[in-house]
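Observations on chain architecture
Here are the chains, one letter per residue:
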Amino acid sequence: MQSTSSRYLKPEQWAATVLRTASSWWHMLHLAGITLVMALSPSTYHRANRNATYRYIYTSTWQILPWFTLLSTLLSLVLIRIVLVTALSYGLSRYALEMMVRVLVLELIPLSAALFVALRAGLAFNSTLATQNAAAPDLAQLQRDLVPRAISSVFSVLSLATVSGVIVLLLAYVNVYGISPWGLPDYTRTVGRVFDPAVTLGFGLKTFMFGLAVAVIPTAAALEAARRKTGLSSPLQPGATRLLLVLVLIEAGALAVKYI
């Protein structure tokens, strides 16, 4: 029977573990940089890559848009009612609309869209790159397989967040002002105050980073496992834990820049 002490790293193994972890993160960042450079290169967008991008966009956006929209609408409606009733009970009803916009539209919906895309498209990826070339896929292979996935992931996260955000804004108006048009001036003033240029730019940048993480991290994890010939022994899809960590770090960084 294996002793309990063997489950823990010995002091002489700490340095090797730190170096292996740093190398793994560097490999992921390097792959993200290559993806960005190739995505900005005009030579990437030949007919085959465009067709692959269209297929990925259809799979990762159009097929899941109705389900995500329905789910986010139901959950947002519940949260809107909770926030509105709580604000009314404390006499803070004038802050309820701004709170709903900031919490739901700017924070929760983009993060949930990224997680939804990761579960539907990103983490379901069958590590095609790793199985085709375990040592190191060439640039042509990355250009053919990874760049269309990255573009479709960014497009999918942005599309899901935008469509659901518009629906949430409509639901917030109906819950606060009813179906009367007389609340439009106050409503547009409040929403415009929230979506100033800096916040809108930050929202787009955060969504872009979410989409890039969803596309790159599972692929980088699969390539690294294939390169080291360690296999994917975990029941989780490759890179699932790291992807969740990176998404949380991006969200935390966005909140820190915005409110601190």
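Small disclaimer: the values here were computed from a predicted structure and weren't measured. (Residues numbered from 1 in each chain as written. Predicted model: local features only at pLDDT ≥ 70, side-chain atom pairs only at ≥ 80, totals over all residues. Heavy atoms only, no water.)

1. Here's the deal with the overall build of the chain
When you go through the chain residue by residue, the secondary structure sums to nine helices and zero strands. Listing the helices and strands of the chain from first to last along the sequence gives α-α-α-α-α-α-α-α-α. Expressed as a percentage of the 260 residues in the chain, the buried residues total 41%. Counting only contacts in the chain whose residues sit at least 6 apart along the sequence, the fraction spanning at least 24 positions is 84%. For the chain, the accessible area works out to roughly 14,900 Å², and carbon and sulfur atoms hold 71% of it. (Helix = DSSP H or I, 4+ residues; strand = E, 2+ residues; numbered from the N terminus. Buried < 20%, exposed > 50% of the residue type's maximum accessible area, 1.4 Å probe, protein only. Contact = heavy atoms within 4.5 Å. Areas by Shrake-Rupley, 256 points an atom, 1.4 Å probe, with all protein chains shown as cover.)

2. Regarding the pattern of salt bridges
Opposite charge on two side chains allows them to pair when their charged atoms are near. Scanning the model with the defined rule gives six salt bridges in all. Across the pair Glu-107 and Lys-258 runs a salt bridge whose closest N-O atoms are separated by 2.6 Å. Highlighted residues: Glu-107 in helix α4 (residues 96-122) and Lys-258 in helix α9 (residues 240-259), separated in sequence by 151 residues. Among the residues examined, Lys-258 registers a relative accessible area of 29% and is labelled partly exposed. One salt bridge in this structure joins Lys-206 and Glu-251, with 3.3 Å as the shortest N-O distance. Of the two residues, Lys-206 is situated in helix α8 (residues 197-228) and Glu-251 in helix α9; the sequence distance between them amounts to 45 residues. Here Lys-206 and Glu-251 have matching classes, each one buried. (Salt bridge = Lys/Arg side-chain N within 4 Å of Asp/Glu carboxyl O.)

3. Looking at a nonpolar patch on the surface
Together, Val-78, Leu-79, Ile-82, Met-99, Val-103 and Leu-108 make up an exposed nonpolar region whose accessible area comes to about 500 Å². Summarising the element assignment, Val-103 is placed in helix α4. (Patch = residues over 30% accessible without salt bridge, like charges linked within 9 Å, V, L, I, M, F, W, Y side chains within 5 Å.)

4. As for the packing of helix α3 (residues 65-89) against helix α6 (residues 139-177)
In the contact formed by α3 and α6, the axes pass within 9 Å of each other and the chain directions differ by 35 degrees. The interaxial crossing formed by α3 with α6 has right-handed handedness. Listed contacts from α6 to Leu-65, Phe-68, Thr-69, Ser-72, Thr-73, Ser-76, Leu-77, Ile-80, Arg-81 and Leu-84 of α3 are Leu-160, Val-163, Ser-164, Ile-167, Val-168, Leu-171, Ala-172, Asn-175 and Val-176. For the contact of α3 with α6, the class distribution of residues is 12 nonpolar, six polar and one charged. (Axes fitted to C-alpha atoms, helices over the stretch in contact; angles between N-to-C directions. Left-handed = near helix turned anticlockwise from the far one by under 90°. Nonpolar A, V, L, I, M, F, W, Y, C, P; charged D, E, K, R; others polar.)

5. A closer look at the nonpolar core
Leu-31, Leu-160 and Leu-243 are the most contacted members of the largest nonpolar core, which totals 32 residues. Sorting elements by how many residues they give to this core places α8 first, with nine residues. Core analysis: the next-biggest nonpolar cluster, separate from the first, contains 22 residues, Ala-87, Ala-96, Met-100 and Val-168 among them. (Core = buried A, V, L, I, M, F, W, Y, C linked by side-chain atoms within 4.5 Å.)

6. A short note on the packing of aromatic side chains
Using the criterion set out here, one finds four aromatic pairs in the structure. Seen from their ring centres, Tyr-173 and Tyr-187 are 5.0 Å apart, and the 80 degrees between their planes marks the pair as edge-to-face. Of this pair, Tyr-173 sits in helix α6 while Tyr-187 sits in helix α7 (residues 184-194), and the two are 14 residues apart along the sequence. Per residue, the accessibility class of Tyr-173 equals that of Tyr-187, and both read buried. Connected via pairs of aromatic rings, a cluster forms that spans Tyr-173, Tyr-177 and Tyr-187. (Phe/Tyr/Trp six-rings, centres within 6.5 Å; stacked < 30°, edge-to-face > 60°.)

7. Regarding the packing of helix α2 (residues 47-62) against α6
Two elements in contact, α2 and α6, have axes whose closest approach is 8 Å; the angle formed by their N-to-C orientations is 40 degrees. The angle between α2 and α6 falls in the class oblique. The way α2 lies across α6 gives a crossing that is right-handed. Here Asn-49, Ala-52, Thr-53, Tyr-56, Ile-57, Ser-60 and Thr-61 of α2 come into contact with α6, specifically with Gln-143, Arg-144, Asp-145, Pro-148, Arg-149, Ile-151, Ser-152, Phe-155, Ser-156 and Ser-159. (Parallel < 35°, antiparallel > 145°, perpendicular 65-115°, else oblique.)

8. Considerations on the side chain of Ser-60
Within the secondary structure, Ser-60 sits in helix α2. A distance of 2.7 Å separates a polar atom in the side chain of Ser-60 from the backbone oxygen of Tyr-56. (Polar contact = N/O pair within 3.5 Å; in protein donor to acceptor, adjacent residues only side chain to side chain.)

9. Details of α2
Along its 16 residues, α2 runs 21 Å from first to last C-alpha, staying within 8% of the 22 Å computed at 1.5 Å per residue. All of the buried residues in α2 are Asn-49, Ala-52, Thr-53, Ser-60 and Thr-61. Buried residues along α2 cover an arc of 135 degrees about the axis, so they all sit on one side. Residues Arg-47, Tyr-54, Arg-55 and Trp-62 are exposed on α2 and point more than 90 degrees away from its buried face. (Expected span 1.5 Å × (residues − 1). Arc of directions from axis to C-beta.)

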